[in-house]
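Remarks on the overall topology
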Amino acid sequence: MTRHVVARVDEIPPGKRKIVEIAGRSIGIFNINGEFFALRNRCPHQGGPLCIGPLGGFVSSTGPGDYSVSRRGEILRCPWHGWEFDIRTGKSWFDPQRIRVRSYDVSVEPAADELMDESSPGAMQPGPYQAETYVTSIVRQHVVVDVPE
Ligand code: FES
């Protein structure tokens, strides 16, 4: 498993997405009300670009003229033929046990971790001088995706 910083948190506001390329895979990163999810941008049906599809919700009904919508923005519909997937699990709506799109673990981490990790290539190295510093309330954060090698 390798970890990839894919965006600053503020690059993907709630309801938005970003499509990234990681190790030859196209992956969609979604922000659903502040929670982040990552799905392979390849539909299991015929390989359509799933992650550019519209987001909707579940519609349920107890009878004619009565319906309700739940989980708004959590159901991703493939733009090619309309197969639908739960963005939280990658499972299809019509056959969740057999048909699913690959999902990846996503975490939000302070950007400072990456900058101060002295072992990572290009990381900042501590110098001999120390400036006076102040505590601030703004912490930049990154969206990190775990992808198998
Ligand atoms: S390729 Fe996605 S529904 Fe057909």
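Please refer to the structure placed before this passage.
These lines cover the structure that appears in this document, whether it is placed above or below.

Cut-offs used in this document
- Residues numbered from 1 in each chain as written.
- Predicted model: local features only at pLDDT ≥ 70, side-chain atom pairs only at ≥ 80, totals over all residues.
- Heavy atoms only, no water.
- Helix = DSSP H or I, 4+ residues; strand = E, 2+ residues; numbered from the N terminus.
- Contact = heavy atoms within 4.5 Å.
- Pairing = 2+ DSSP bridges.
- Axes fitted to C-alpha atoms, helices over the stretch in contact; angles between N-to-C directions.
- Buried < 20%, exposed > 50% of the residue type's maximum accessible area, 1.4 Å probe, protein only.

Remarks on the environment of Arg102
Structurally, Arg102 can be placed in the loop between strand 7 (84-86) and strand 8 (103-110). Remark: the alpha-carbon pair of Arg102 and Asn41, spanning 61 residues in sequence, is separated by 8.7 Å. Excluding residues that lie within four positions of it along the chain, Arg102 makes contacts with Ala38, Leu39, Arg40 and Pro148.

Brief notes about the sheet that holds strand 2 (residues 17-22)
Overall, antiparallel pairing links the 6 strands, which are arranged 1-9-8-4-3-2 in an open sheet. Edge positions in the sheet fall to strand 1 (2-8) and strand 2, since each of these pairs with one other strand and no more. Pairs of neighbouring strands in the sheet enclose a mean axial angle of 30 degrees, with direction left out of account. Across 6 bridges, the pairing between strand 8 and strand 9 (residues 141-147) is antiparallel. Bridging across to strand 9, Ser107 finds its partner in Val144.

Re the side chain of Asp86
Looking at where Asp86 falls in the secondary structure, it is placed in strand 7. Judged by its relative accessible area of 13%, Asp86 is buried. Setting aside residues up to four positions removed in sequence, Asp86 forms contacts with Arg71, Glu74, Ile75 and Lys91.

Quick word on the sheet that holds strand 5 (residues 55-63)
Pairing is antiparallel in the open sheet, where 3 strands are placed in the order 5-6-7. Each edge of the open sheet is held by one strand with a lone partner, namely strand 5 and strand 7. Here the strands of the sheet are splayed against their neighbours by 55 degrees on average, with no regard to which way each runs. Bridge count for strand 5 against strand 6 (residues 66-77) is 7 bridges, and the pairing is antiparallel.

What to know about unusual backbone geometry
Non-glycine residue Asn33 carries a positive phi angle of around 50 degrees. Looking at the secondary structure, you find Asn33 in the loop between strand 3 (25-32) and strand 4 (35-40). A relative accessible area of 66% means that Asn33 is categorised as exposed. In this structure, Arg71 is a non-glycine residue whose phi angle is positive, near 50 degrees. With respect to the element layout, Arg71 can be found in strand 6.

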